[in-house]
Amino acid sequence: MKIEQATWLHEHYEFSLAELCELSGLSETELRELVDYGVLAPIEPDARDWSFRADRLVVARSARRLRKDFDLDPHGVALVVTLLERVRDLETELRDLRAKLPRRQQPS
Amino acid sequence: MKYKDYYGVMGVDRKASAEEIKNAYRKLARKYHPDVSKEPGAEEKFKEVGEAYETLKDPDKRAAYDRLGSHQPGQDFRPPPGWEKQFGGGQFSFDDLDLGDLFSQFSRGRRRAGPGGGKIRVPGEDYEVTAHISLEDAYRGTEVDLELEVPEHDEQGFPHRVRRAFKARIPKGATDGQRLRLPGKGGKGLNGGRDGDLYLNIALHPHRLFRASGHDLYLDLPLAPWEAVLGTSVQVPTLAGTVSLKVPPGTHAGQRLRLASRGLPKPHAGEGDLFAIVQIAVPTAASGRERALFKELAEASTFNPRGHFEREAAK
């Protein structure tokens, strides 16, 4: 059986604006709106051709689903995505704190 | 073809108004949408709800669905004669068709102006799968077996469920919640549209000894009171085998001893660290000799671990 290679979606890989559009299913106008609302930030906002960290694809796809499934306008999408990002950050922090807590006080 | 009870899935009456159906959908979407829900099985449930709503919200699709009559969910049934005409005509077998796939074709069928005409490019659907792997697998990299059921279109453009199995290589350096992409491994594109992608969500199984935080690992390190006071050298497990760790004299409970680069490898470069968190363990059943020695220590020692209580009370 052929083994498929998976690629990471993390900060060391980048997508162009066109790639992010194609992979997320959002139009360029919608993506630019998300950037305007501060939901997505290009690596260099002043550059002529925007590129994005690969993990931003997760956010862009989530925005597309929320827009479609909840029938949200761009403001609504921006609000929900921002709150979801905050929840994710808090969950990461919680996981980190739990990892640092001793599991048991007295080994049996 | 197997019957699906779309009204039952949405929890509405067969005579429900468009408004009632919309409200039911919104309520269920808030509860089960995979982006906002923590309910177990939410993703599956939302797929059912989304499929039911896609059909019931469109008056033409709903009318076509209603003409199928009412059956038990999962029951094999045959649509009334001529029912398939609304899918762009043509003879086809209903046997291995999925009702949801068929309805997603509905408008496409109506738009289709005969064979080869008016075809629009439709990208294949993306899929998301969670891969549960062990910490050891994340450390070394691993292969996971994946199985997906995706619709593939026949020559007439009708979707058939096809089971696809393949192996995917997860490179070393995964952490909990990290995503990977398998380009082109989702649903097939239609009329030259690109194939969908498969997204892998990594979830680490809890480990008996180590707890992961990003690429750092945490390990409880129990020490006997005398080891903590006098210092010692202990053998500690790591994902690459046992290593020796020096415990300095006067080590206290809760202190973190760092083993640099003994954590999970990072995908780009470097590794996380391993932290041993000190715990002071006491013998539950001390022998007479041990108790005598502790008594002697208690009498000889001037150590007061609660000095700050007294200073606070004196203020």
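The model shown is predicted, which means the values in this text are computed figures rather than measured ones.

Considering the environment of Leu-79 of chain A
And then number 1: Mapped onto the fold, Leu-79 of chain A is located in helix α4 (residues 74-100).
And then number 2: Along the chain, Leu-79 of chain A and Asp-49 of chain A lie 30 residues apart, while their C-alpha atoms are 26 Å from each other.

Some remarks on the confidence of the model for chain A
And then number 1: Across chain A, pLDDT averages 89, with 94% of residues at or above 70.
And then number 2: Put simply, strand β1 (residues 3-5) of chain A is where chain A has its lowest mean pLDDT, 82, and strand β4 (residues 51-53) of chain A is where it has its highest, 94.

Some thoughts on helix α3 (residues 56-70) of chain A
All names here are of chain A.
And then number 1: Helix length check: α3, at 15 residues, gives a terminal C-alpha distance of 21 Å against a target of 21 Å (1.5 Å per residue), a fit within 8%.
And then number 2: The element α3 is largely enclosed, with a buried count of twelve among its 15 residues.
And then number 3: Among the residues of α3, those classed as buried are Arg-56, Leu-57, Val-58, Val-59, Ala-60, Arg-61, Ser-62, Ala-63, Arg-64, Arg-65, Leu-66 and Arg-67.
And then number 4: Note on α3: the residue one or two positions beyond its end, Asp-71, has a positive phi of about 60°.

Let's talk about the domain arrangement of chain B
And then number 1: Each assigned domain of chain B is listed here: domain 1 (1-119), domain 2 (120-206) and domain 3 (215-314).
And then number 2: Spacing between the C-alpha centres of domain 1 of chain B and domain 3 of chain B amounts to 61 Å.

Focus: the interface of chain A and chain B
And then number 1: Chain A puts 28 residues into the contact, and the matching count from chain B is 30 residues.
And then number 2: Those elements giving two or more residues to the side of chain A that touches chain B turn out to be β1, β2 (7-8), α3 and α4 of chain A.
And then number 3: Of all the elements, α3 of chain A adds the most residues to the side of chain A that touches chain B, at six residues.
And then number 4: Residues of the side of chain A that touches chain B, tallied by class, amount to 13 nonpolar, seven polar and eight charged.
And then number 5: Pairing of β2 of chain A with strand β4 (residues 179-182) of chain B involves two bridges; the strand directions are antiparallel. Opposite Thr-7 of chain A, over in β4 of chain B, you have Arg-181 of chain B as the bridge partner.

What about the confidence of the model for chain B?
Low-confidence regions, as indicated by low pLDDT, have predicted coordinates that should not be scrutinised in detail.
All names here are of chain B.
And then number 1: For chain B, the mean per-residue pLDDT works out to 88, and 94% of the residues sit at or above 70.
And then number 2: Note on residues 109-117: pLDDT is under 50 here. Beyond four places in sequence and across chains, it has eight contacts.
And then number 3: Confidence estimates for the predicted assembly give a pTM of 0.82 and an ipTM of 0.87.

Overview of the sheet that holds strand β6 (residues 210-213) of chain B
Residues and elements named next belong to chain B.
And then number 1: What the four strands build is an open sheet, ordered β6-β7-β11-β10; its pairing is mixed. With one partner strand each, in any of the chains shown, β6 and β10 (256-259) form the two edges of the open sheet. Across the sheet, the mean angle separating the axes of adjacent strands is 30° when strand polarity is ignored.
And then number 2: Direction of pairing for β6 relative to strand β7 (residues 216-223): antiparallel, over a ladder of four bridges.

Digging into unusual backbone geometry
All names here are of chain A.
And then number 1: For Asp-71, which is not glycine, the phi dihedral falls at a positive 60°.
And then number 2: With respect to the helices and strands, Asp-71 occurs in the loop between α3 and α4.
And then number 3: For Asp-71, a count of 12 C-beta atoms within 10 Å translates into the label exposed.

Looking at the nonpolar core
And then number 1: Among the nonpolar cores identified, the biggest contains 54 residues, and Leu-57, Ala-60, Ala-63 and Val-81 of chain A together with Leu-200 and Leu-219 of chain B are the most heavily contacted of them.
And then number 2: With six residues, α3 of chain A is the largest single contributor of residues to this core.
And then number 3: Looking at this core, you find at least three residues from each of domain 2 (120-206) and domain 3 (215-314) of chain B.
And then number 4: Once residues within four sequence positions are removed from consideration, Ala-60 of chain A is found in contact with Leu-20, Ser-24, Leu-26, Leu-31 and Leu-40 of chain A.
And then number 5: Listed in part, the 13 residues of the second largest apolar core include Tyr-7, Tyr-25, Tyr-32 and Ala-52 of chain B.

Quick word on the packing of helix α2 (residues 18-32) of chain B against helix α3 (residues 42-56) of chain B
Residues and elements named next belong to chain B.
And then number 1: Where α2 contacts α3, the axes come no closer than 10 Å and their chain directions differ by 160°. With respect to each other, α2 and α3 are oriented roughly antiparallel. Considering how the two elements wind past one another, α2 and α3 form a crossing that is left-handed. Facing Ile-21, Tyr-25, Leu-28, Ala-29 and Tyr-32 of α2, the residues of α3 in contact are Ala-42, Lys-45, Phe-46, Val-49, Tyr-53 and Leu-56.
And then number 2: Counted by class, the contact of α2 with α3 contains ten nonpolar, no polar and one charged residues.

Observations concerning the pairing of strand β5 (residues 198-204) of chain B
All names here are of chain B.
And then number 1: Burial analysis of β5 places five of its seven residues in the buried class, the great majority of the element.
And then number 2: For strand β1 (residues 127-133) and β5, the ladder comprises seven bridges, and the chain directions are parallel. Bridge pairing in β5 links Ala-131 to Ile-202.
And then number 3: In the sheet, β4 pairs with β5 via four bridges, with the strands oriented antiparallel. Residue pairing in the sheet places Leu-182 in a bridge with Leu-198 of β5.

So, the sheet that holds β2 of chain A
And then number 1: An order of β2(A)-β4(B)-β5(B)-β1(B) is seen for the four strands of this open sheet, with the pairing classed as mixed. In this open sheet, the two strands that pair with only one neighbour each are β2 of chain A together with β1 of chain B.

Each value, and the rule that gives it
- Residues numbered from 1 in each chain as written.
- Chains lettered and ligands numbered in written order.
- Predicted model: local features only at pLDDT ≥ 70, side-chain atom pairs only at ≥ 80, totals over all residues.
- Helix = DSSP H or I, 4+ residues; strand = E, 2+ residues; numbered from the N terminus.
- pLDDT = per-residue confidence, 0-100.
- Expected span 1.5 Å × (residues − 1).
- Buried ≥ 20, exposed ≤ 12 C-beta atoms within 10 Å, placed from the backbone.
- Domains from an automatic or database assignment.
- Contact = placed C-beta atoms within 7 Å.
- Nonpolar A, V, L, I, M, F, W, Y, C, P; charged D, E, K, R; others polar.
- Pairing = 2+ DSSP bridges.
- Axes fitted to C-alpha atoms, helices over the stretch in contact; angles between N-to-C directions.
- Core = buried A, V, L, I, M, F, W, Y, C linked by C-beta atoms within 7 Å.
- Parallel < 35°, antiparallel > 145°, perpendicular 65-115°, else oblique.
- Left-handed = near helix turned anticlockwise from the far one by under 90°.

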